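What the coordinates show
Here is how the chains run, residue by residue.
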Amino acid sequence: MSNLVAALQTPEVRKKLAWGIPLAVVALAGVVLLAQWFRASEAGQSFLTQYPGETELPTGAPVGFPAWLNFQHFLNAFFIVLIIRTGWLVRTTQRPAAYWTRNNRGLLRTKGEPKKISLDLWLHLSLDFLWVLNGVIFVILLFITGQWMRIVPTTWEVFPNAFSAAVQYASLNWPTENGWVNYNSLQQLAYFLIVFVAAPLAIATGIRMSNAWPGPSARISKIYPLPVARAIHYPVMIFFVLFVIAHVTLVLTTGALRNLNHMYASNNGDSWLGFGLFAGSLVLTVVAWILAKPAFLQPVATLSGKVTRQ
């Protein structure tokens, strides 16, 4: 957090914010006015009638969210928040507080000496591994249970319907939400991109940037250069951040209790159970955020390597 505050206080960033924020507000106001004009026009009304904002799911598509999906949704959110935090620290910290060197024993034994990396990078890579493992299990269960039909488009009409949903959001007259039964097409495309495009890109570029990748003289390194991976990895992180912001905003503004029950309590009611579970997940995430410091990480990191201050 201190790194982020310091970055925001630099003259260059402050100058960009001084211009960027007003321009963003003006642009947003323009989008709202344009969307409202389109909705009021005859062509807009005809378009929204033909494309209401969602498509029919395939026959046999499941209704509701099972408990396993709720639990993995929590794990995914938990890992993503900490991965973004550690990734930012790796990118901005010039003098790490501690370093970690892998024990060159067991199945991971290599010919050369293991490279020393910052403790922040060690945590980032460890979280990456857990996130990928959770994601693999998630995708397998998606296809086993049929839940894939809710987030994988099966018709080209998803695109005009996604535009329709975007117009409805932008005009501030939002589409009717019934995520328990079916997502609108804009949500469906967003979830599809996160699961099947952004996540694989993050994994593929993250592996290329890791110390486990062969050296620059290796043929595969020449085919897949490091600058390419770096040029993709950071924008993918920004996409995840923007998705999280939009996702949380819509969850809390389109029927918070019902949405939180969908996501955390596996029911379609308006009780406070989902909110309570969501609050508990936030507490766990905040605690993990606070504990992600060398003093607390060192005992865990020493189980697989050596931690030093230099």
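Scroll up to find the structure.
Residues numbered from 1 in each chain as written. Predicted model: local features only at pLDDT ≥ 70, side-chain atom pairs only at ≥ 80, totals over all residues. Heavy atoms only, no water.

1. Quick look at the packing of aromatic side chains
Defined as follows: Any two of the Phe, Tyr and Trp rings considered here, Trp counted by its six-membered ring, make a pair once their centres fall within 6.5 Å; the pair's planes then place it as stacked at under 30 degrees, edge-to-face at over 60, or tilted in between. Every helix listed is a DSSP run of H or I at least four residues long, and every strand listed is a run of E at least two residues long, numbered separately from the N terminus. With a 1.4 Å probe rolled over the protein chains alone, any residue whose accessible area is under 20% of its type maximum counts as buried; one over 50% counts as exposed, and the rest are partly exposed. Throughout this description, the term charge over a ring refers to an Arg CZ or Lys NZ atom that lies within 6 Å of the ring centre and within 35 degrees of the ring normal.
This model, assessed by the stated rule, comprises 22 aromatic pairs. With a centroid separation of 5.7 Å and an interplanar angle of 70°, the aromatic rings of F65 and W180 are classed as edge-to-face. In this pair, F65 is assigned in the loop between α3 (42-50) and α4 (67-92) and W180 in the loop between α6 (158-170) and α7 (185-209), connecting sequence segments 115 residues apart. Residue W180 is classed as buried on the basis of its relative accessible area, which comes to 16%. For the ring pair F143 and F196, a centre distance of 6.2 Å and an interplane angle of 70° mean the geometry is edge-to-face. Note that F143 is positioned in helix α5 (residues 119-145) and F196 in helix α7, a separation of 53 residues in sequence. Put simply, the rings of F65, W180, Y183, Y191 and F243 touch in pairs and so form one group of aromatic residues. The lysine or arginine in question, R91, covers the ring of Y234, its NZ or CZ lying 3.8 Å from the ring centre. The positively charged end of K116 is found above the aromatic ring belonging to Y99, 5.1 Å away from the centroid.

2. Re the nonpolar core
Defined as follows: Remark: nonpolar core denotes a set of buried residues (Ala, Val, Leu, Ile, Met, Phe, Trp, Tyr, Cys) joined through side-chain atoms within 4.5 Å. Whether two residues are in contact is decided by their heavy atoms, any of which lying within 4.5 Å being enough.
Formed by 41 residues in total, the largest nonpolar core has its most connected members in F79, W100, L119, W122, W131 and F240. Mapped onto this core, the elements with two or more residues apiece are α4, α5, α7, α9 (226-253), α10 (256-264), α11 (273-291) and α12 (294-301). Per element, the largest residue contribution to this core is eight residues, and it comes from α4. Not counting chain neighbours up to four residues away, the residues in contact with L119 comprise A98, Y99, W100, P294, L297, Q298, A301 and V307.

3. Brief notes about α11
The line we're drawing: Expected helix span is given by 1.5 Å per residue-to-residue step, counting one fewer step than there are residues. Within this analysis, the arc is defined by the directions that extend from the helix axis to the C-beta atoms.
With 19 residues, α11 extends 27 Å from end C-alpha to end C-alpha; this agrees with the ideal 27 Å at 1.5 Å per step. Among the residues making up α11, those that are buried are G274, F278, S281, T285 and A288. For α11, the angular spread of the buried residues around the axis is 85°, confining them to a single face. Buried residues in α11 make contact with α4 and α10.

4. A few points about the sheet that holds strand β3 (residues 305-308)
The criterion, for reference: Two strands form a pair only when DSSP identifies at least two bridges running between them. For helices, the fitted line uses only the C-alpha atoms of the stretch in contact; every axis is such a line through C-alpha atoms, and the angle between N-to-C directions lies from 0 to 180 degrees.
Read across the sheet, three strands follow the order β2-β1-β3 without closing on themselves; strand pairing throughout is antiparallel. If you trace the sheet from one side to the other, it starts and ends with β2 (116-118) and β3, each paired once. With direction set aside, neighbouring strand axes in the sheet form an average angle of 30°. Relative to β3, strand β1 (residues 99-102) runs antiparallel, the two being bridged by four bridges.

5. Things to note about the pattern of salt bridges
Under the convention used in this document: Salt bridges are counted wherever a side-chain nitrogen of Lys or Arg sits within 4 Å of a carboxyl oxygen of Asp or Glu.
Under the criterion given, the structure shown has one salt bridge. Note that R258 is salt-bridged to D270, the shortest N-O span being 2.8 Å. Here R258, found in helix α10, pairs with D270, found in the loop between α10 and α11; they are twelve residues apart in sequence, far enough to count as distant. Classification of R258 by relative accessible area gives partly exposed; the value is 31%. For D270, a relative accessible area of 48% corresponds to the partly exposed category.

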